[in-house]
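Observations on the three-dimensional arrangement
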Amino acid sequence: MIPIKYTYRSLFERRSVVFMTLGSIGFVVLVYIGVLALAGGLRAAFAQSGDPSTVIVLRDGTRSEMESTINMEDHRLLAAMPGVAEREGVRLASGETVTIQIFERTDGTEANVVVRGVEQAAFLLRPGFRMVQGRRFEPGRGEIVVGRALASRLGLHVGDERKLGRTSFRVVGAFAGAGAHDSEIWGDARELGDSFRRGGSFSATRLKASSRGAAVALMDEIEGDQRLEVAGFLETEYFERQTQAASSRFIVLGNVLAILMAFGACFAAANTMYAQISVRAHEIGTLRALGFQRRSIMGCFFLEAVLLGLLAGGFGALLSLPLNVIQTGTMNQVTFSEITFQLRTTPEAIFSGVFLATATGILGGVLPAFSASRRKITDLLREA
């Protein structure tokens with residue numbers, strides 16, 4: 001076998017060509033990881049939104065809060081069920097209205113924003129919810145709070161007033177820690193319901209149980225009540241469906257881009273390996289004359305291609321790390337509303353990028369390695 005040390009040093013025989021190849025494959029890895037980071041950011045946003053002990057109740061046959069309607073009587077029946085937990089003397093049940101309103105972003109484009117009317121128990125239903133600026137809204141005073149991620153994209157600040165439906169509301173605070181809800185505007189359910197002419201109903205009812213098992217039992221109780229034509233879902237399952245719908249297109253896009261760009265990068269890798277063969281023809285001939293077999297020569301160049309891919313993958317992964325600080329937004333494919341999130345370069349995304357680079361190096365190095373092993377010793381030595 002040809003020493004690995006010789007193989008590694010030979011890889012940088014022509015540094016300019018090698019570095020250009022590292023750059024081209026590394027850029028492919030950066031783009032691929034970037035698209036996967038979009039999907040990872042969406043998954044993280046939705047994962048923070050779901051609580052396995054919370055049940056979201058929708059009208060039977062609907063997929064999302066946007067499509068659902070729960071009348072006041074059904075909401076009262078749901079809130080009074082024995083499986084609903086209490087905290088500080090308050091039953092953890094919240095009737096919520098969901099409406100879409102168009103807002104202008106700071107860059108001049110428009111976004112569909114979820115305006116959510118909630119009851120006071122809604123704050124207790126989201127364990128991670130916290131105010132990061134200002135205070136919570138007070139019912140009956142025409143006040144709203146805005147998700148911090150959304151506020152920066154819309155240019156909303158504490159003290160600003162915005163017309164929602166028929167009424168103007170004043171921003172009194174910004175919140176965070178509510179996952180996908182960080183891309184929403186919250187206010188009192190009855191005030192917003194009246195403003196959007198939805199005063200006689202809610203979009204959904206959220207109920208919190210003491211545990212996941214109690215939540216499943218509560219779902220069974222809801223579905224067994226003949227007075228209700230509703231369906232209950234664990235909040236985690238509800239958001240998981242939205243995650244799959246929202247992130248699947250990024251994953252498909254990432255794979256398509258990876259295939260197209262990696263195809264071009266394969267030619268760069270092959271060009272590098274052919275250049276290595278050309279400049280080291282005399283060395284290869286000498287190795288063959290010393291008794292090294294064809295498979296050793298082929299293995300040597302194949303290993304160089306693998307090392308080239310690994311180095312390019314590491315370079316691209318290193319370039320992708322700053323993506324974690326980027327905040328962006330996209331449309332929720334279920335609710336057709338704006339969702340703001342932060343990119344996440346997960347370990348799985350980085351591993352996928354390095355694997356793509358390694359595969360690209362291998363595919364680009366197979367033919368050159370085979371070519372080097374099949375050439376005659378006399379032809380190789382003659383090129384000295």
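Use the structure listed above.
What this report covers is the structure whose coordinates are included nearby. (Residues numbered from 1 in each chain as written. Predicted model: local features only at pLDDT ≥ 70, side-chain atom pairs only at ≥ 80, totals over all residues. Heavy atoms only, no water.)

1. Regarding the overall build of the protein
Along the protein, the regular secondary structure elements total twelve helices and 16 strands. Looking at the protein as a whole, 52% of its 384 residues are labelled buried. Considering only contacts within the protein whose residues lie at least 6 apart along the sequence, 78% involve residues at least 24 apart. Counting every atom, the protein has about 17,500 Å² of accessible surface; 58% of that belongs to carbon and sulfur. (Helix = DSSP H or I, 4+ residues; strand = E, 2+ residues; numbered from the N terminus. Buried < 20%, exposed > 50% of the residue type's maximum accessible area, 1.4 Å probe, protein only. Contact = heavy atoms within 4.5 Å. Areas by Shrake-Rupley, 256 points an atom, 1.4 Å probe, with all protein chains shown as cover.)

2. So, helix 3 (residues 72-79)
Those residues of helix 3 that fall on the buried side of the exposure criterion are Met72, Asp74, His75, Leu78 and Ala79. An end-on view of helix 3 places all buried positions within 160 degrees of arc, on one side of the element. (Arc of directions from axis to C-beta.)

3. A look at a negative patch on the surface
On the surface, a cluster of negative charge is made up of Asp60, Asp220, Glu223 and Glu229. Along the chain, the position of Asp60 falls in the loop between strand 1 (54-59) and strand 2 (70-71). (Patch = residues over 30% accessible without salt bridge, like charges linked within 9 Å, V, L, I, M, F, W, Y side chains within 5 Å. Salt bridge = Lys/Arg side-chain N within 4 Å of Asp/Glu carboxyl O. Lys, Arg positive; Asp, Glu negative; His and termini not counted. Charge placed at Lys NZ, Arg CZ, Asp CG, Glu CD.)

4. Examining the pairing of strand 6 (residues 110-118)
Along strand 6, seven of the nine residues are buried, which leaves the element largely enclosed by surrounding structure. As judged from the eight bridges shared by strand 5 (residues 93-104) and strand 6, these two strands associate in the antiparallel manner. Bridge pairing links Ile100 to Val114 in strand 6. Two successive antiparallel strands, strand 5 and strand 6, enclose a turn made up of five residues, where Gly108 displays a positive phi of approximately 95 degrees. Alignment of strand 6 against strand 11 (residues 184-188), held across five bridges, turns out to be parallel. (Pairing = 2+ DSSP bridges.)

5. Focus: a nonpolar patch on the surface
Together, Val252, Val256 and Leu260 make up a nonpolar patch on the protein surface, roughly 280 Å² of accessible area in all. Looking at where Val256 falls in the secondary structure, it is placed in helix 8 (residues 235-279). Given the relative accessible area of 44%, Val256 is considered partly exposed.

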